[in-house]
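Fold and contact review
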Amino acid sequence: MTAPSSVRMSRLRWGAIWSFLRGPYPTLVSRAVVGGVFLLAGVSKALDINAFAGEISAYQIVPTALVQPMAIALPLLEILIGGYLLLGLMQRWAAAAAGALLLVFIAAMAWALARGLALDCGCFGSTLGLSAFRETVSIGSVARDVLWLLFAIHLIIVPGVWSLDAFRRKRAHAISP
């Protein structure tokens, strides 16, 4: 018994889409988007830690004693993740860390929306000319982070071709007997 032609065509389309997504260009785009966003957001927040601490506090989720340490640690973590993704170094681990942070950010914004809080999402600091990217927590900011989460998931599933990881794999393969 053969599958109907529409089912076969659907499988062919999904196969073509998956084949494209496994290619070097989509992976490079995912790394550039997620890595660039994390690097820019982290640097911008790190340059104005006090303002970022105020944004964390506004969410009313983090205990007061943890706000300042979080305002210091989170931008550094974002910078580290962004750098690793842009270089393609430990891509899957960096993408998993980015995905975990994005889930936390999505949950925090959803929490703020559910509580009716009208506050800045805290996604980007006001330095580096990134104030244009600042926005109030909304369904749009949640949707944007969900899109970035999909890019991060893509990087977890598909290994990078043009990356330090690929270079190390290729070199290790060439050296092994």
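The preceding data block contains the structure.
As the structure is a prediction and not an experimental result, all values here were calculated from the model.

**Focus on the overall build of the chain**
Looking only at helices and strands, the chain has 7 helices and 0 strands in total. Put simply, the chain runs from its N terminus to its C terminus through helices and strands in the order α-α-α-α-α-α-α. For the chain, the spread of C-alpha atoms along the three principal axes comes to 60 × 50 × 30 Å. The 177 residues of the chain split such that 37% are buried. Here the analysis covers contacts within the chain between residues at least 6 apart in sequence; of these, 72% occur between residues at least 24 apart. Summing over all exposed atoms, the chain offers an accessible surface of approximately 10300 Å²; the carbon and sulfur share of this is 72%. The centroid of the 14 positive side-chain charges in the chain is displaced by 20 Å from the centroid of its 7 negative side-chain charges.

**Comments concerning the state of the cysteines**
All chains considered together, the criterion is met by 1 disulfide. There is a disulfide in this structure between cysteine 121 and cysteine 123, and the S-S distance comes to 2.3 Å. On the basis of relative accessible area, cysteine 121 is assigned to the buried category, the value being 7%.

**Overview of the environment of arginine 169**
Locating arginine 169 in the fold gives a position in helix H7 (residues 164–175). A relative accessible area of 44% means that arginine 169 is categorised as partly exposed. Remark: the alpha-carbon pair of arginine 169 and glutamate 78, spanning 91 residues in sequence, is separated by 26 Å. For arginine 169, the residues in contact, after removing those within four places along its chain, are Pro159 and Gly160.

**A look at empty space enclosed by the protein**
A complete count under the given rule lists 1 cavity of 30 Å³ or more for this structure. For the largest cavity, the full set of lining residues is Ser44, Lys45, Asp48, Ala51, Phe52, Glu55, Phe124, Gly125, Ser126 and Arg134. Of all the secondary-structure elements, those providing two or more residues to the lining of the largest cavity are helix H2 (24–46) and helix H3 (49–58). The class makeup of the residues in the lining of the largest cavity is 3 nonpolar, 3 polar and 4 charged.

**Notes on the pattern of salt bridges**
Summed over all chains, the structure comprises 3 salt bridges. Between glutamate 135 and arginine 144 there is a salt bridge, and its shortest N-O distance comes to 2.1 Å. Via salt bridges that share partners, Glu135, Arg144 and Asp145 belong to a single interconnected network.

**Here's the deal with the environment of valine 104**
Inspection of the secondary structure assignment puts valine 104 in helix H5 (residues 91–114). Along the primary structure valine 104 and valine 142 are separated by 38 residues, whereas in three dimensions their C-alpha atoms are 11 Å apart.

Conventions and cut-offs
- Residues numbered from 1 in each chain as written.
- Predicted model: local features only at pLDDT ≥ 70, side-chain atom pairs only at ≥ 80, totals over all residues.
- Heavy atoms only, no water.
- Helix = DSSP H or I, 4+ residues; strand = E, 2+ residues; numbered from the N terminus.
- Buried < 20%, exposed > 50% of the residue type's maximum accessible area, 1.4 Å probe, protein only.
- Contact = heavy atoms within 4.5 Å.
- Areas by Shrake-Rupley, 256 points an atom, 1.4 Å probe, with all protein chains shown as cover.
- Lys, Arg positive; Asp, Glu negative; His and termini not counted.
- Charge placed at Lys NZ, Arg CZ, Asp CG, Glu CD.
- Disulfide = S-S within 2.5 Å.
- 1 Å grid on protein atoms, 1.4 Å probe; cavity = no way out; pocket = protein on both sides within 12 Å on 5 of 7 lines; lining within 4 Å.
- Points joined across faces, edges and corners; volume = space filled by probe spheres on them.
- Nonpolar A, V, L, I, M, F, W, Y, C, P; charged D, E, K, R; others polar.
- Salt bridge = Lys/Arg side-chain N within 4 Å of Asp/Glu carboxyl O.

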